[in-house]
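Read off the chains here:
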Amino acid sequence: MLHTYDIAVEEDAATVGQPSSGVVLLGKYELKELLGVGASAKVYHATNVDTGQSVAIKAVSKNHVFRGGLTAHIEREISIMRRLHHPHTLKLFEVLASKNKIYFVLEFAQGGELFHKVAQGRFSEDLSRRYFHQLISAVRYCHSAGVFHRDLKLDNLLIDQHTDLKVSDFGLSALKDHVRADGLLHTVCGTPAYVAPEMLAKKGYDGAKVDVWSCGVILFVLTAGYLPFNDHNLAAMYRKIYRGQFRFPRWTSPELRRFVCRLLDKNPETRITVDEMMGDPWFSKGYREVRIEHKEFELERESRSRGLNAFDLISFSSGLDMSGMLGEAGVWEGVERMVSGEKPAKILEKVEGVAKAEGVRVRVRKEENEEGAELEGQDGNLKILVSIYRLTERLVVVEAKRREGKEKGAKFWEEKLQPELHRLVYKD
Ligand code: AMP
């Protein structure tokens, strides 16, 4: 099936919590309020205009995306999120692009951050256990898929409309493939308060074990209402973490104390594993393994078989300047883009053939990085610009723009040229 890329209307500059002025992105998502602003992104609540489904849209400026390291960073975030399908991990529905922005269309977590709930008062052990079960279920699933989060903290735990947990933000995750020959991960990342002691030692660490440590910090915060390792002075805070030095509030039950001590064990070798948690008296109470619905895998397969999407374009095009590819709508009425595996010469031959058969004038352009053709009707009632951009060794993007208000042009496009171009679309 064909993938086309319309031109997005850039979102407006709303302030957090304020309703947006009904801007529709890519003719598909109507923006609602701004949910928050992160380091490189704005997050909007939006609805799919066709289905009414609520989504969250994370808008990242391409300046951020295409500036060196962050490209790889975002690509990694996308590829990781697309691999995860679990009831307690936040879903990534699709990735869209406009001239200046990349839009991540995410599952909407109506309840916001779990952090805000705890900030209103610590949870009972039963409620903490409920959330902790959901967190561990997601972590267990991610680990078995070769994905370690590495930045688990309360801010990354969102709540949906059923007050169920959704783990978000896999931007700092690392896959098993990134593990060096010694089997350990080597990048120091994460937020200090949740960082495992072995990460501070900068010697390399096991991604599964540092996630367990962070889960220990999260569980402590849920039940105590404050951080286990905290200090105004960062060096002092690191020291506390390094020594594994923390104190429980007096209301903590002995079973919970024992369990948390096993999670916040400063020695990664003896620290409890996710599998061992299943046998712990505090944890195992009422734990039910979440069954992963077969349907979700079906959905993923279906979306994959739909062919290339904006994500694939981005990941195929590292080093390519997308700004030329995702141009301004301007006077052009319709812009359609498709990915093809055909040679540019063959595509242009087709375009010429169709045009000539209909008595349309064609002028073929050949420039260093771009080839194309301009089609013009005899009576000025048709103007179409076809451009071909190389994406990879094998793939090109074919972009067709039509001048607005040209009736004959629309007919020629729909009935003649478009069907011909669609036959050239790349299929997996
Ligand atoms: P981030 O840039 O991921 O830190 O997100 C910025 C803000 O947007 C945070 O306050 C989050 O609570 C909110 N947010 C992010 N993603 C979602 C989502 N999928 N659903 C609801 N709120 C979200």
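Everything in this summary refers to the structure shown in the same document. (Residues numbered from 1 in each chain as written. Predicted model: local features only at pLDDT ≥ 70, side-chain atom pairs only at ≥ 80, totals over all residues. Heavy atoms only, no water.)

1. Quick notes on the overall build of the protein chain
Step number 1: Of regular secondary structure, the protein chain possesses 15 helices and 16 strands.
Step number 2: A total of 428 residues make up the protein chain; the buried ones form 49% of that total.
Step number 3: As presented, the protein chain carries roughly 20700 Å² of accessible surface, and 49% of it is formed by carbon and sulfur atoms. (Helix = DSSP H or I, 4+ residues; strand = E, 2+ residues; numbered from the N terminus. Buried < 20%, exposed > 50% of the residue type's maximum accessible area, 1.4 Å probe, protein only. Areas by Shrake-Rupley, 256 points an atom, 1.4 Å probe, with all protein chains shown as cover.)

2. Here's the deal with the environment of K416
Step number 1: Tracing the chain through its elements places K416 in helix α15 (residues 407–422).
Step number 2: For the pair K416 and A355, spaced 61 residues apart in sequence, the C-alpha separation works out to 8.5 Å.
Step number 3: With near-sequence residues (within four places) excluded, K416 lies in contact with V354, E358 and K411. (Contact = heavy atoms within 4.5 Å.)

3. Details of the environment of Q418
Step number 1: Tracing the chain through its elements places Q418 in helix α15.
Step number 2: Residue class for Q418 comes out buried when judged on its relative accessible area of 17%.
Step number 3: Separated by 67 residues in sequence, Q418 and V351 place their C-alpha atoms 9.7 Å apart.

4. Details of the pattern of salt bridges
Any two side chains of opposite charge can pair, given that their charged atoms come close.
Step number 1: Tallied over the entire structure, the rule returns 18 salt bridges.
Step number 2: K350 is the partner of E420 in a salt bridge, and the nearest nitrogen-oxygen pair spans 3.6 Å. Note that E420 is positioned in helix α15 and K350 in helix α14 (residues 344–357), a separation of 70 residues in sequence.
Step number 3: Since its relative accessible area comes to 30%, K350 is described here as partly exposed.
Step number 4: Salt bridges here are not isolated pairs; linked through shared partners, they connect K350, E420 and R423. (Salt bridge = Lys/Arg side-chain N within 4 Å of Asp/Glu carboxyl O.)

5. Some thoughts on helix α7 (residues 234–243)
Step number 1: All buried positions along α7 are accounted for by A236, M237 and I241. Angularly, the buried residues of α7 cover 140° about the axis, an arc narrow enough to put them on a single face.
Step number 2: In this structure, the buried residues of α7 make contact with α5 (197–200) and α6 (207–224).
Step number 3: Looking one or two residues past α7, G244 carries a phi angle of roughly 65°, positive in sign. (Arc of directions from axis to C-beta.)

6. With respect to unusual backbone geometry
Step number 1: In this structure, R150 takes a positive phi of about 70° despite not being glycine.
Step number 2: Tracing the backbone through its elements, the reader meets R150 in the loop between β8 (147–148) and β9 (157–159).
Step number 3: Of note in this structure, T163 is not a glycine but carries a positive phi near 55°.
Step number 4: Following the sequence through the fold, T163 ends up in the loop between β9 and β10 (165–167).
Step number 5: On the basis of relative accessible area, T163 is assigned to the partly exposed category, the value being 34%.

7. Details of the sheet that holds strand β5 (residues 92–97)
Step number 1: Pairing in this open sheet of six strands is antiparallel, and the strands run β1-β2-β3-β4-β6-β5 from one edge to the other. Each edge of the sheet is formed by a strand with only one pairing partner; in this case those strands are β1 (24–25) and β5. (Pairing = 2+ DSSP bridges.)

8. Re the site of the ligand
Step number 1: Close to the ligand lie twelve residues, the nearest being A56, K58, E107, A109 and E113.
Step number 2: K58 has a polar side-chain atom sitting 3.4 Å from an oxygen atom of the ligand.
Step number 3: Between the ligand and the protein, one listed contact pairs a nitrogen atom with a backbone N or O atom of A109 at 2.9 Å.
Step number 4: For the ligand, whose free accessible area comes to 480 Å², the fraction covered by protein is 80%.
Step number 5: Listing elements by their share of the shell around the ligand, those giving two or more residues are β2 (29–37) and β4 (54–61). (Near = heavy atom within 4 Å. Polar contact = N/O pair within 3.5 Å; in protein donor to acceptor, adjacent residues only side chain to side chain.)

9. As for the sheet that holds β10
Step number 1: Pairing within the open sheet is antiparallel, and its three strands lie in the order β7-β9-β10. Each edge of the open sheet is held by one strand with a lone partner, namely β7 (112–113) and β10.
Step number 2: Strand direction decides the pairing type here: β9 and β10, joined by three bridges, are antiparallel. Counterpart to L157 in the pairing with β10 is V167.
Step number 3: The strands touched by helix α4 (residues 125–144) are β9 and β10; relative to β10, the strand with the most contacts, the crossing angle is about 35°. (Axes fitted to C-alpha atoms, helices over the stretch in contact; angles between N-to-C directions.)

10. A look at the packing of aromatic side chains
Step number 1: One pass over the full model with this rule turns up twelve aromatic pairs.
Step number 2: Each ring, one from F246 and one from F248, has its centre 5.2 Å from the other, and the planes form 75°; the classification is edge-to-face. Assigned by exposure class, F246 and F248 land together as buried.
Step number 3: For the pair F259 and W282, a centre-to-centre distance of 5.6 Å together with 25° between the ring planes defines the contact as stacked. (Phe/Tyr/Trp six-rings, centres within 6.5 Å; stacked < 30°, edge-to-face > 60°.)

11. Thoughts on the packing of α4 against α6
Step number 1: Look at α4 against α6: their axes get within 10 Å of each other, and the N-to-C directions meet at 165°. By the angle between their directions, the pair α4 and α6 is classed as roughly antiparallel. The two elements α4 and α6 cross, and the hand of that crossing is right-handed. Note on element contacts: α6 touches α4 through G207, A208, D211, C215, I218, L219, L222 and T223, opposite E125, S128, Y131, F132, L135, I136, V139 and H143.
Step number 2: For the contact of α4 with α6, the class distribution of residues is ten nonpolar, four polar and two charged. (Parallel < 35°, antiparallel > 145°, perpendicular 65-115°, else oblique. Left-handed = near helix turned anticlockwise from the far one by under 90°. Nonpolar A, V, L, I, M, F, W, Y, C, P; charged D, E, K, R; others polar.)

12. Some thoughts on the nonpolar core
A general tendency of soluble globular proteins is for nonpolar side chains to be buried together.
Step number 1: By size, the foremost hydrophobic cluster in this structure holds 48 residues, and its most contacted members are L114, F132, L135, L154, F259 and M277.
Step number 2: Among all residues touching M277, those that are not within four sequence positions of it are F132, I136, V212, F259, L263, I272, F283 and S284.
Step number 3: I347, L375, L382 and V386 belong to the second-largest nonpolar core, a separate cluster that totals 20 residues. (Core = buried A, V, L, I, M, F, W, Y, C linked by side-chain atoms within 4.5 Å.)

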